[in-house]
Amino acid sequence: MSPNVERITSHLGDVGGLPIQRALPSKARRAIGAWCFADHAGPATPERRMNVGPHPHTGLSTFSWMIEGEILHRDSLGSEQVLRAGEVNLMTAGYGIAHSEESLSDRIHLAQLWIALPDAERERAPSFQHFPELPRLSQGGFEATLLVGELAGLRSPVPSFTPLLGADLVATGPADAVLALDPGFEHGLMLLEGEIEAAPAGHDAVETITPGTLLYIGAGCEAVELRCSAAARLLLLGGEPWSQPPLLWWNFVGREPAEMQAWAQDWAREDGGRFGVVRGYDGPRIAVPSVPALRQP
Ligand code: MN
């Protein structure tokens, strides 16, 4: 059986003064499993440091993977955590949390992703977790860091509420590896640096991908061969397909526009409503965009 393979082009954006490439959501594809948002920043020395003032989240986990540089996270639970290269921050918003993020370094390279929470977990209490150590393995010239899920018999300590995979793969020179995939998952290859040739099992073409392109591989694929002739880095994302992708609006993941409207009104309150207050951040909160946009999520 040949899997459905799609090339998805990132669009450019800006997060707190930091230029980013956004792979998900796109018009062509809203999510890969529960991965419903995927930003890539750097590697670069931007003109301005990233400075994202307090803003709310609901119904998702934010997942930050730092490749180069440092950012400071603060949230309304009172967490204050510097995220350094090789580390993951996982903030599960549940019914609501607010946070701020500031870069502490000039040079920066990171991936910021959102994981949609399933119905049974989206009203849970918020939490924040920091993971300074993640499992690593070598395969065919690639060094892999297992960010979430299972790969080659290893399991990441980063929890998820739906079956999920996230791995960072880096090669410092020529490399060639065949990775076994869970055929029950859909997958994405998100290029961060260099150039990769990807050959999904059962697909009749070899796909060359560079930064700004995400290669989507539909469920039913059992392996992918990855080749590069020079240094390269990519993220392998995967998860069980959702029958109905979640609704995204601003910083919220939900099911109905009406509930998002209520969250927006909560954030407009002085005490931040269900989201609370981020202490220690020197600057204003980010205001909710005008409500008419809510009618067209
Ligand atoms: Mn955020």
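Below: a short report on this structure.

Cut-offs applied
- Residues numbered from 1 in each chain as written.
- Predicted model: local features only at pLDDT ≥ 70, side-chain atom pairs only at ≥ 80, totals over all residues.
- Heavy atoms only, no water.
- Helix = DSSP H or I, 4+ residues; strand = E, 2+ residues; numbered from the N terminus.
- Polar contact = N/O pair within 3.5 Å; in protein donor to acceptor, adjacent residues only side chain to side chain.
- Contact = heavy atoms within 4.5 Å.
- Phe/Tyr/Trp six-rings, centres within 6.5 Å; stacked < 30°, edge-to-face > 60°.
- Buried < 20%, exposed > 50% of the residue type's maximum accessible area, 1.4 Å probe, protein only.
- Lys NZ or Arg CZ within 6 Å of the ring centre and 35° of its normal.
- Pairing = 2+ DSSP bridges.
- Axes fitted to C-alpha atoms, helices over the stretch in contact; angles between N-to-C directions.
- 1 Å grid on protein atoms, 1.4 Å probe; cavity = no way out; pocket = protein on both sides within 12 Å on 5 of 7 lines; lining within 4 Å.
- Points joined across faces, edges and corners; volume = space filled by probe spheres on them.
- Nonpolar A, V, L, I, M, F, W, Y, C, P; charged D, E, K, R; others polar.

**Notes on the side chain of Glu102**
Along the chain, Glu102 turns up in strand 10 (residues 97-103). Looking at Glu102, its side chain comes within polar contact range of the side chain of Arg74, at 3.1 Å. In contact with Glu102, not counting residues within four places along its chain, are Met50, Asn51, Glu70, Ile71, Leu72, Arg74 and Tyr281.

**Looking at the packing of aromatic side chains**
The tally for this structure, following the rule as stated, stands at 8 aromatic pairs. On the basis of an interplanar angle of 85° and a centroid distance of 5.4 Å, the ring pair of Trp35 and Phe63 is categorised as edge-to-face. Here the residue Trp35 occupies a position in strand 4 (residues 35-44), and Phe63 occupies one in strand 6 (residues 60-68), the gap between them amounting to 28 residues. Both residues of the pair, Trp35 and Phe63, belong to the buried class. A centroid spacing of 5.8 Å and a plane angle of 15° characterise the contact between Phe252 and Phe275, whose relative ring orientation is stacked. Separated by 23 residues along the polypeptide, Phe252 in strand 26 (residues 252-254) and Phe275 in the segment after helix 1 (257-268) bring together distant segments of the chain. Neither residue differs from the other here; Phe252 and Phe275 are each classed as buried. By the ring-pair criterion, three or more aromatic residues cluster together here, those being Trp249, Trp250, Phe252, Trp263, Trp267 and Phe275. Above the plane of the ring of Tyr216 lies Arg29, whose end atom (NZ or CZ) is 3.7 Å from the centre. The residue whose ring lies beneath Arg285 is Trp267, and the NZ or CZ to ring-centre distance is 4.4 Å.

**Let's talk about the sheet that holds strand 20 (residues 196-200)**
Ordered in space as 18-23-20-21, the 4 strands form an open sheet in which the pairing is antiparallel. Lying at the two open borders of the sheet, with one neighbouring strand each, are strand 18 (175-180) and strand 21 (207-209). The average undirected angle you get between the axes of adjacent strands in this sheet is 25°. Bridge count for strand 18 against strand 23 (residues 223-228) is 6 bridges, and the pairing is antiparallel. Across the sheet, residue Leu179 finds its bridge partner in strand 23, namely Val224.

**Observations regarding the layout of surface pockets**
Where empty space is left can be seen by rolling a probe of water-molecule size over the atoms. Reported here for the largest pocket is a volume of approximately 640 Å³. For the largest pocket, the lining is made up of 31 residues, of which Arg22, Phe37, Trp114, Trp250 and Asn251 are closest to its centre. For the lining of the largest pocket, the secondary-structure elements that each account for two or more residues are strand 2 (11-15), strand 3 (18-24), strand 4, strand 5 (51-57), strand 6, strand 10, strand 11 (108-116) and strand 25 (247-249). Class assignment of the residues belonging to the lining of the largest pocket gives a composition of 15 nonpolar, 12 polar and 4 charged.

**Focus on the sheet that holds strand 1 (residues 5-9)**
If you walk across this open sheet you meet the 7 strands as 1-22-19-24-17-14-13, and the pairing is antiparallel. If you trace the sheet from one side to the other, it starts and ends with strand 1 and strand 13 (136-139), each paired once. Ignoring which end each strand starts from, the neighbouring axes of this sheet average 25° apart. Alignment of strand 13 against strand 14 (residues 142-148), held across 4 bridges, turns out to be antiparallel. Within strand 14, the residue paired with Gln139 across the bridge is Phe142.

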